[in-house]
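So you can see what is in the structure, the chains are spelled out below.
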Amino acid sequence: MPMIKPTLAAIALLCWTGCAMAQADDHGDDARWSIAIHGGAGTIKRDKITPEQDKAIREALGTALAAGSKVLKDGGSAIDAVTATIMILENDPNFNAGKGAVFTWDKTNELDSSIMDGSDLSAGAVAGINGTKNPILLARAVKDHSPHVMLSGEGANQFSREQGLEQVTPDYYATPYRLQQIEDLLARKVSAADVDYKFGTVGAVAMDQEGHMAAGTSTGGMTGKRWGRIGDSPIIGAGTYADDRSCAISATGSGEYFIRLGVAHEICTRVRMRWPIAIEEAQLTVPKDEAGNYTYAIHASEFMLPDAEIQQIADDVIAELGELGGDGGIIYATPWGQAGYSFNTAGMYRGRATSAGEQSVSIYGDEE
Ligand code: ASP
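Just so you know, these numbers come straight off a predicted model, no measurement behind them.

1. Digging into the pattern of salt bridges
For the structure on display, the rule yields 19 salt bridges. Across the salt bridge formed by D80 and R140, the nearest N and O atoms sit 2.9 Å from each other. With D80 in helix α3 (residues 78-91) and R140 in helix α4 (residues 135-145), this residue pair connects regions lying 60 residues apart in the sequence. Exposure remark for D80: the relative accessible area of 35% places this residue in the partly exposed category. Between E358 and R352 there is a salt bridge; the shortest N-O distance is 3.1 Å. Since its relative accessible area comes to 12%, R352 is described here as buried. Each member of the salt-bridge network shares a partner with another, and the members are D80, R140, K143 and D144.

This is the structure in structure tokens:
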């Protein structure tokens, strides 16, 4: 098969067959970037959220999205965009991460966070920590400055101090809203699994102008968690995953199910496996010459999976999560510039922006 650079005819054919070519946006191919963020998923319905909460959450998501977008627009890396975005959400008491984290059964805060760089598959995570103002910075420090991927509890706290990260006293994380939730849970003598108090985990995924992917997640976990329970958020492959060959994912929801399904890695693997098959399928549509050879070869670097296929892969995995009994959702970014979501809950705090001009913040399931 002669290896010829794709012609315009090839491009037209690929688009015509439903296998869209990567389109140059207004800024040109070099300036392509994308970001998606979440602030948790759950029974988020209009009758459960006051207009003030609705406004505050949209503003917070918008601020975080703008900060991440600026990093990417200015040519910064996906990992820096993810870090900057998550820090803002951790500092906002509306979310279950950093300030505003939910309480454990013992009325303490145990924070989980993770981050991954898709360009080299480097990753860092922390579980059951406190004392660090921004857990995402601690996860990042584990990735950048330790030989490990995951640190937990007191050892992770010690590493944080040694790294010179900003420390806070335990009462820093507390908010009246979260205190009321744990008081209520303890009074009703129900367990963490029986209440829907967990909204507010935060996450971000991004693709930078170099085409590199990154993902990060940060949470206080589930209200009333006990026995050192750890959810999916700090587990690479469950709550967070990034791979330049496929996608970047950050999850939120009932962590136990996300762990069992390895949701973040599962979606990325399906995307990675689907892509070469899609190229093969497109190649079969290329006309042959009189000798029976293809007149040109599909060039992988100029090929992308269409939006609908990415969405379908994410929806399929979330459907499987639902069949197991799990609820929640994910955000995704792909190396082709797509950014989106999939969730099986009533709503998900979310936002996305791309170099193509897309920019939106949403809360309820019936919104774009
Ligand atoms: N996934 C988190 C956990 O299980 C909670 C959440 O996303 O709401 O710890």
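Still to come is the rest of the account.
2. With respect to the nonpolar core
Grouped together as the largest cluster of nonpolar side chains are 44 residues, with contacts concentrated most on V205, I249, F258, V263, I267, V271 and I330. If near-sequence neighbours (up to four positions away) are discounted, I267 is found in contact with C247, I249, I313, A314, V317 and I330. Residues I35, A60, A64 and A353 belong to the second largest nonpolar core, which totals 31 residues.

3. Concerning the site of the ligand
The ligand sits among ten residues. The nearest are T201, R229, D232, T252 and G253. Between the ligand and the protein, one listed contact pairs an oxygen atom with a backbone N or O atom of G255 at 3.1 Å. Protein contact buries 100% of the 270 Å² of open area that the ligand shows by itself. In the shell around the ligand, the residues fall into no nonpolar, seven polar and three charged.

4. Focus on the confidence of the model for the protein
Taken over all residues, the pLDDT of the protein has a mean of 89, while the share at 70 or more is 89%. Counting contacts from residues 1-28, a segment whose pLDDT is below 50, to residues more than four positions away or on other chains yields 55 contacts.

5. Quick notes on the sheet that holds strand β10 (residues 339-343)
Judged by pairing direction, the sheet is antiparallel, and its four strands sit side by side in the order β7-β8-β9-β10 without closing on themselves. Looking at the sheet topology across the chains shown, the edges are occupied by β7 (240-243) and β10. Across the sheet, the mean angle separating the axes of adjacent strands is 15 degrees when strand polarity is ignored. Pairing between strand β9 (residues 328-333) and β10: five bridges, direction antiparallel. Residue pairing across strands places G329 opposite F343, the latter belonging to β10.

6. Things to note about the packing of aromatic side chains
What the rule picks out here adds up to three aromatic pairs. Their ring planes at 75 degrees and their centres at 5.5 Å tell us that Y172 and Y173 sit as a pair that is edge-to-face. The residues Y172 and Y173 share a single accessibility class, namely buried. Plain terms: the ring middles of W275 and W336 are 5.6 Å apart, the flat faces sit at 50 degrees to each other, and that makes the pair tilted. Pair noted here: W275 is in helix α8 (residues 263-283) and W336 is in the loop between β9 and β10, with a separation of 61 residues, a long-range link. Judged by relative accessible area, W336 falls into the buried class, the value being 9%. Directly above the ring of Y172 sits K99, whose terminal nitrogen or CZ lies 4.9 Å from the centroid. Sitting over the face of the ring of Y341, R350 holds its NZ or CZ atom 5.3 Å from the ring centroid.

7. Describing the pairing of β9
Counting buried positions along β9 gives six out of six residues, so the element sits mostly inside the fold. Going residue by residue along β9, you find G328, I330 and Y332 tucked away on one face and G329, I331 and A333 tucked away on the opposite face as well.

8. Focus on α3
Taking 1.5 Å of rise per residue, the 14 residues of α3 would be expected to cover 20 Å, and the 20 Å separating its terminal C-alpha atoms lies within 8% of that figure. Within the sequence span of α3, burial applies to A78, I79, A81, V82, T83, T85, I86, L89 and E90. On its buried side, α3 packs onto β1 (34-42), α2 (51-73), β2 (111-117), α4, β5 (202-207) and β6 (213-219).

9. Quick look at α4
α4 sits mainly inside the fold: eight of its eleven residues count as buried. Taken together, the buried positions of α4 are P135, I136, L138, A139, R140, A141, V142 and K143. Lining the buried residues of α4 we find α3, β2, β3 (122-129), β4 (150-152), α5 (153-162) and β6.

10. Some remarks on a nonpolar patch on the surface
Residues V149, M150 and I230 make up a contiguous nonpolar surface patch of about 220 Å² in total accessible area. Within the element layout of this structure, M150 appears in strand β4.

11. Here we look at the packing of α8 against helix α9 (residues 307-324)
In contact at an axis separation of 10 Å, α8 and α9 are set at 145 degrees when each is read in the N-to-C sense. Here α8 runs over α9; the crossing is right-handed. Counted together, V263, E266, I267, R270, V271 and R274 of α8 and E309, I310, I313, A314, D316, V317, E320 and L321 of α9 form the full contact between these two elements. Class assignment for the residues of the contact of α8 with α9 results in eight nonpolar, no polar and six charged.

Conventions and cut-offs
- Residues numbered from 1 in each chain as written.
- Predicted model: local features only at pLDDT ≥ 70, side-chain atom pairs only at ≥ 80, totals over all residues.
- Heavy atoms only, no water.
- Salt bridge = Lys/Arg side-chain N within 4 Å of Asp/Glu carboxyl O.
- Helix = DSSP H or I, 4+ residues; strand = E, 2+ residues; numbered from the N terminus.
- Buried < 20%, exposed > 50% of the residue type's maximum accessible area, 1.4 Å probe, protein only.
- Core = buried A, V, L, I, M, F, W, Y, C linked by side-chain atoms within 4.5 Å.
- Contact = heavy atoms within 4.5 Å.
- Near = heavy atom within 4 Å.
- Polar contact = N/O pair within 3.5 Å; in protein donor to acceptor, adjacent residues only side chain to side chain.
- Areas by Shrake-Rupley, 256 points an atom, 1.4 Å probe, with all protein chains shown as cover.
- Nonpolar A, V, L, I, M, F, W, Y, C, P; charged D, E, K, R; others polar.
- pLDDT = per-residue confidence, 0-100.
- Pairing = 2+ DSSP bridges.
- Axes fitted to C-alpha atoms, helices over the stretch in contact; angles between N-to-C directions.
- Phe/Tyr/Trp six-rings, centres within 6.5 Å; stacked < 30°, edge-to-face > 60°.
- Lys NZ or Arg CZ within 6 Å of the ring centre and 35° of its normal.
- Expected span 1.5 Å × (residues − 1).
- Patch = residues over 30% accessible without salt bridge, like charges linked within 9 Å, V, L, I, M, F, W, Y side chains within 5 Å.
- Left-handed = near helix turned anticlockwise from the far one by under 90°.

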